[in-house]
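Coordinate inspection notes
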Amino acid sequence: MADVARLAGVSSQTVSRVSNGYAGVNEETRQQVLAAMQELGYRPNSAARALKRGEFRTIGVITFGLSTTGNVRTLEAIATSAAHEGYAVTLLPVAVPTQDEVRGAFSRLGELAVDAVIVILEVHLLDAVALTLPPHIQVVVADSDAGDRYTVVDTDQAGGTRAAVRYLLDLGHETVWHLAGPEESFAAQRRADAWRAELTEAGCTAPPLVRGDWSAESGYRAGLELAAQPECTAVFAANDQMALGLLRALHEQGRYVPDDVSVIGFDDIPEAGSFLPPLTTVHQDFAEVGRRCVEGVLRQMRHDMPEHGTTLVPTRLVVRDSTAAPRGR
């Protein structure tokens, strides 16, 4: 730092302010310092900076799998929001969501020096008595049923589902079939419960639930089963990938969408508008989920403690060409 200051003709304090991104340095001086840094190959020592400030400017992210659209897009949003706040992200995927695995993940993150942790936990686990997160670590949980024990950020799973089912009923369908996600998934359970509740409130009989595993392949297999049900005129799929497989199965079995069967998905992935036909789906604002997760851990770190409990990010129904009134209506 002294060498940079000497070459740039400024004080070491000015070099420190420039390297740390502080305001109060005029642009001409900043450029002089940056040019000197580049010429000398100077890089700030992050370890020394962390010791001085008492923080590492890094947020750890624990996630149980990166195979689902929701997890990947939430992670992307967290990384983008963290970078905007001047923080890096350290990712630690965990293969099996058990107490020992979670404890080991927190230990490894401690060794990697992080200031706080965001847990992307799609499965039912944090409500289990056996699992507790370390009390001394600032934690925000995304996509979980952790309840009031932690700060939780999630999309409005139930509201989005109810809007989708209500839209199909308003089109004139007598009931709505449901292609659900896996049983262990919190999001899948929330959507299945809301689907059933909306039908019940409307005085409709809920058909037998059909399950997939979030993949297009499972949606295709379930679609073959649903295509064989002549009374099935509307299907709400718990995610867009399964809806894609469902569309293929219906097409192969001669059940046209939306003339014979209306289909609604969930997520609004970028490709949803390019399905054949373009998919009506529930839009999730993953960018807002990521932003609120980062905001939550930063508030905890700054001792501006957010309330424990769940913050819901609104969803909205995006209507495209895969839905219509049933034949004869």
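Residues numbered from 1 in each chain as written. Predicted model: local features only at pLDDT ≥ 70, side-chain atom pairs only at ≥ 80, totals over all residues. Heavy atoms only, no water.

Moving on, we come to the overall build of the protein chain. In terms of regular secondary structure, the protein chain is built from 11 helices and 12 strands. Buried positions account for 51% of the 329 residues belonging to the protein chain. When contacts within the protein chain are restricted to residue pairs at least 6 apart in sequence, long-range pairs at least 24 apart make up 70% of them. Only carbon and sulfur atoms are counted for the fraction: they give 50% of the accessible area of the protein chain, which is about 15700 Å². (Helix = DSSP H or I, 4+ residues; strand = E, 2+ residues; numbered from the N terminus. Buried < 20%, exposed > 50% of the residue type's maximum accessible area, 1.4 Å probe, protein only. Contact = heavy atoms within 4.5 Å. Areas by Shrake-Rupley, 256 points an atom, 1.4 Å probe, with all protein chains shown as cover.)

Attention now goes to the environment of Ala 243. Of note, Ala 243 is situated in helix 10 (residues 240-252). What makes Ala 243 buried here is its relative accessible area of 0%. As for Ala 243 and Trp 214, which are separated by 29 residues in sequence, their C-alpha atoms are 9.3 Å apart. Other than its neighbours up to four places away in sequence, Ala 243 contacts Ala 237, Val 263, Gly 265 and Leu 279.

Next up on the list: the pairing of strand 5 (residues 151-155). Where burial is concerned, most of strand 5 is hidden: five out of the five residues are buried. Pairing between strand 4 (residues 139-142) and strand 5: three bridges, direction parallel. Each residue of the ladder has a partner; that of Ala 142, found in strand 5, is Val 153. Sheet analysis places strand 5 next to strand 11 (residues 309-313), joined by five bridges and oriented parallel. Within the sheet, the bridge partner assigned to Thr 151 lies in strand 11 and is Gly 309. (Pairing = 2+ DSSP bridges.)

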